[in-house]
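Overview (structure and organization)
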Amino acid sequence: MRIEDVDGLRIATYGAGPRVIVAVHGITASSKAWEAVGRRLPDGWSMVAMDLRGRGHSAGLPGPYGLDRHAEDVLRVADHVGAGPDAVLTGHSMGGYVAALAAARREFARVVLIDGGLPLPLPPGMDADEAMVATLGPALARLRQTFPSAEAYLEFFRAHPAFDGFWSAEVEEYVRYDLTGPEGALRSRAVPEAVAEDGHWLLREGARIGDALQNIEAPLHLLRAPRGLLNQDVGMFPDDLTAPWLVRLPELRDEVVPDCNHYTILFDDRCVATIVERLTS
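If you look the protein up in an unreviewed UniProt entry, it shows as Alpha/beta hydrolase from Nonomuraea ferruginea.

So, in structure tokens, the structure goes:
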């Protein structure tokens with residue numbers, strides 16, 4: 001793995017092949033979310049994963065944030081690494097929406113959305129602000145919380161329903177990478193204001209995402225997790241939410257990756273093997 005900074009954006013490159021995958025992480029995540037995928041690429045491929053503005057080692061970059069800004073950053077990184085029209089673009093969770101916006105602006109060989117990218121309707125009876133509290137409230141609380149040690153932060157994640165019964169060296173690397181601050185008062189690197197601004201953008205701009213999806217000319221593939229953020233039985237994109245988009249986007253290839261949740265889809269060996277295959281074949 002090679003590390004470099006591009007105008008303050010931290011990027012990690014896995015592999016050394018000429019075919020390039022540009023990978024975008026989720027709303028409170030980092031480039032380390034792609035570690036398991038990057039380590040399993042076949043010969044001839046490389047993956048460029050970045051820490052988005054306000055996350056990881058790009059946390060010091062200023063706002064404004066918002067998904068448009070992230071899409072601009074993604075395209076700047078793609079240009080920097082020479083990712084041409086034969087490059088593949090992928091995004092997980094919020095990164096799927098960022099990838100959709102970026103792919104609507106320039107040519108890619110393929111776009112793979114991983115449990116993200118399709119507009120989410122507001123819950124019944126809620127406006128965007130209320131939905132923001134309901135969906136991102138626990139995440140924002142974690143970002144403002146401090147931990148006495150790295151082990152305490154690891155235990156916090158081990159107890160998360162999504163990782164209960166599933167842990168790996170790559171999950172541990174992902175969690176440790178997120179820590180900053182002095183011993184005794186460690187905290188997440190993700191900037192709460194960045195997460196809040198991005199969450200508001202996402203909840204209010206569903207029509208923009210829909211337009212972007214319809215303007216993507218590259219082959220478009222959606223990989224869905226059957227279980228949700230808290231490992232609940234219903235995933236973020238159940239069939240009834242996905243079905244109308246399959247009508248609006250008849251070229252969209254839809255696939256459920258069995259036996260995973262919103263997080264383990266990027267870490268479980270079997271799921272990662274599916275993702276690598278879809279990205280590179």
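From this point, the narrative continues.
**A few points about the pairing of strand E9 (residues 220-224)**
Counting buried positions along E9 gives 5 out of 5 residues, so the element sits mostly inside the fold. Side chains Leu220, Leu222 and Arg224 project from E9 onto one buried face, and the interleaved His221 and Leu223 project onto a second face that is buried too. Where strand E6 (residues 110-114) lies against E9, 4 bridges are found, and the strand directions are parallel. The partner of Ile114 across the bridge, within E9, is Leu223. Relative to strand E10 (residues 253-256), E9 runs parallel, the two sharing 4 bridges.

**Some details on the nonpolar core**
With 54 residues, the main nonpolar core has Val74, Leu89 and Leu213 as its most contacted residues. The element contributing the most residues to this core is helix H3 (residues 94-103), with 8 residues. When residues no more than four places from it in sequence are discounted, the contact partners of Leu213 are Ala100, Leu113, Gly117, Leu118, Pro119, Leu220, Trp245 and Leu249.

**Overview of the UniProt feature "domain: AB hydrolase-1" (unreviewed entry) in the protein**
Here the UniProt feature "domain: AB hydrolase-1" (unreviewed entry) sits at residues 21-271. Secondary structure content for residues 21-271 is 39% helix and 13% strand, while the C-alpha to C-alpha distance between its ends is 18 Å.

**Comments concerning the sheet that holds E9**
Across the sheet, 8 strands lie side by side as E1-E2-E4-E3-E5-E6-E9-E10; this open sheet has mixed pairing. Since the sheet does not close on itself, it has two edges, and those belong to strand E1 (2-6) and E10, each with one partner. Neighbour-to-neighbour, the strand axes of the sheet open up by a mean angle of 20°, direction not taken into account. As defined by bridge partners, strand E3 (residues 19-24) adjoins strand E4 (residues 45-50) across 5 bridges and the pair is classed as parallel.

**Some thoughts on helix H6 (residues 169-177)**
Taken together, the buried positions of H6 are Glu170, Val171, Tyr174, Val175 and Tyr177. Down the axis of H6, the buried side of the element spans an arc of 165°, and every buried residue falls inside it. Here the buried face of H6 lies against strand E2 (9-15), helix H1 (35-38), helix H5 (150-158) and strand E7 (179-180).

**Examining the packing of helix H2 (residues 67-80) against H3**
For the pair H2 and H3, interaxial distance at closest approach is 8 Å and the crossing angle is 70°. Taken together, the axes of H2 and H3 lie roughly perpendicular to each other. For the crossing formed where H2 meets H3, the hand is right-handed. Where H2 approaches H3, its residues Leu67, Asp68, His70, Ala71, Val74 and Leu75 are matched on the opposing element by Met94, Tyr97, Val98, Leu101 and Ala102. Considered class by class, the residues forming the contact of H2 with H3 number 9 nonpolar, 1 polar and 1 charged.

**Some points on the environment of Trp245**
Locating Trp245 in the fold gives a position in helix H9 (residues 239-248). Residues Trp245 and Ile21 lie 224 residues apart in sequence; the distance between their C-alpha atoms is 25 Å. Trp245 has contacts with Leu118, Pro119, Gly210 and Leu213, leaving out every residue within four places of it along the chain.

So, how was this worked out
Residues numbered from 1 in each chain as written. Predicted model: local features only at pLDDT ≥ 70, side-chain atom pairs only at ≥ 80, totals over all residues. Heavy atoms only, no water. Buried < 20%, exposed > 50% of the residue type's maximum accessible area, 1.4 Å probe, protein only. Helix = DSSP H or I, 4+ residues; strand = E, 2+ residues; numbered from the N terminus. Pairing = 2+ DSSP bridges. Core = buried A, V, L, I, M, F, W, Y, C linked by side-chain atoms within 4.5 Å. Contact = heavy atoms within 4.5 Å. UniProt positions renumbered as here; feature names shortened; annotations may be inferred. Axes fitted to C-alpha atoms, helices over the stretch in contact; angles between N-to-C directions. Arc of directions from axis to C-beta. Parallel < 35°, antiparallel > 145°, perpendicular 65-115°, else oblique. Left-handed = near helix turned anticlockwise from the far one by under 90°. Nonpolar A, V, L, I, M, F, W, Y, C, P; charged D, E, K, R; others polar.

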